[in-house]
Amino acid sequence: MMETVRGIKYWAAERLQGSYWKNKGMEISKNLSILAKQAKELGAKGVLFALLKDIFLGWKPLEVLYLVVLVGIQLGVYIKQPDSFLGMIAGATGIINVIFVTKGKISNYFFGTINVVIYLYLSIISGFYGEVLTSIYFFLMQFTGTYLWLLNLDKQEDGNAETAYVKPKRLSVAGWIKAIIGMTFIWGLFGFIYRSIGANRPFRDSVTDGTNYVGQWLMNGSYSAQWLFWIGTNVFSIYLWWGASLEMVVMYWVFLVNSIVGYIRWTNKSRTDCSALEQ
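Here we summarise the structure given alongside this text. Keep in mind the model is a prediction, meaning the values are calculated, not measured. Each chain carries its own residue numbering, running from 1 in the direction its sequence is written. Totals for whole chains, interfaces and linings use every residue, but because this is a predicted model, local features are given only for residues with pLDDT of at least 70 and side-chain atom pairs only at 80 or more, for both listing and counting. To obtain the side-chain values, all non-hydrogen atoms of the structure were included, while hydrogens and water were left out.

**Side note on the overall build of the protein chain**
Secondary structure is summarised from DSSP: a helix means a run of H or I of at least four residues, a strand means a run of E of at least two, and numbering begins at the N terminus for each. Counting its regular elements, the protein chain contains 11 helices and two strands. Along the protein chain, helices (α) and strands (β) appear in the sequence α-α-α-α-α-α-β-β-α-α-α-α-α when read from the amino end. Three labels apply to residues, based on accessible area from a 1.4 Å probe with only protein chains included: buried if under 20% of the type maximum, exposed if over 50%, partly exposed otherwise in between. Within the protein chain, the proportion of its 279 residues that are buried is 43%. Any two residues whose heavy atoms approach within 4.5 Å at even a single point are treated as in contact. For the protein chain, contacts bridging at least 24 residues in sequence account for 68% of all contacts bridging at least 6. Summed over all atoms, the accessible surface of the protein chain reaches about 15800 Å², with 69% contributed by carbon and sulfur. Note on areas: these come from Shrake-Rupley sampling with a 1.4 Å probe, and a residue is covered only by the protein chains present in the view.

So, in structure tokens, the structure goes:
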């Protein structure tokens, strides 16, 4: 017991003294150097080939059908009621992005970057300034997530090709506490910010800020719990965009369905992976 207490005190002292974060910084620098060296060895063509390989290989027939049907719904809505071409592109790339996340493919960040840039523009012209801040956060997290997923890929043999998928993790009790506290803090913080600028429903509009920020944080860490926060985001986003953009409403309905599928798939996979229990 005393050894445990001493260990906790040392752990806390190490962080207060800054040595922990210094070591973390050195670790990140080392990892980035290794990744940069690998990218240099591959060259531009090699990196592009690796991206295309991740996008197109490793799919099962039912997964392809699932992807085609969900993207087809978005395209069908636009053909029937062409509201915004950019909205349609944002919806399609967003759907591809979340399905790739469900699959555990790192190329999801390629489509996520396209989606978030368009979504940022649409949020600005629609006057959804809370969504603007969230989009900026999402944009920065695309690069952070790519880095973290590259460190957590599990190579597998699919037929004659080798593919790599991220390994889902289970969130610990401490992780859940931090996630809930973080979500509540962000929700309250942005609620007060929106109220200070005269928003009509500040704390209602800030709900998605809390679920979005924490959901992206958990996604970058490859935790299966991310999907519960995405479900909350999608429900409130459907309400937010209702009457403003049909493409966005359809996109979030598809996101909601995929979030449920993703939660089931990632939870089952993390339970069968013994290493995931240690995270």
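**Thoughts on the packing of aromatic side chains**
By convention, a stacked pair of Phe, Tyr or Trp rings (six-membered ring in the case of Trp) has centres within 6.5 Å and planes under 30 degrees apart, an edge-to-face pair has planes over 60 apart, and any other such pair is tilted. Scanning the model with the defined rule gives 19 aromatic pairs in all. Between F100 and F111, the ring centres sit 5.2 Å apart and the planes meet at 65°, which makes this aromatic pair edge-to-face. With F100 in helix α4 (residues 85–103) and F111 in helix α5 (residues 108–126), this pair connects stretches of sequence that are 11 residues apart. Side by side, F100 and F111 carry an identical accessibility label, which is buried. Ring plane angle 80° and centroid distance 5.1 Å describe the contact between F110 and F111, whose orientation is recorded as edge-to-face. Note on F111: relative accessible area 12%, which makes it buried. What links up through ring pairs into an aromatic cluster is the set Y137, F138, F190, Y194, Y213 and W230. The criterion for a charge sitting over a ring is simple: Lys NZ or Arg CZ within 6 Å of the ring centre, and within 35 degrees of the ring normal. Above the plane of the ring of W59 lies K103, whose end atom (NZ or CZ) is 5.8 Å from the centre.

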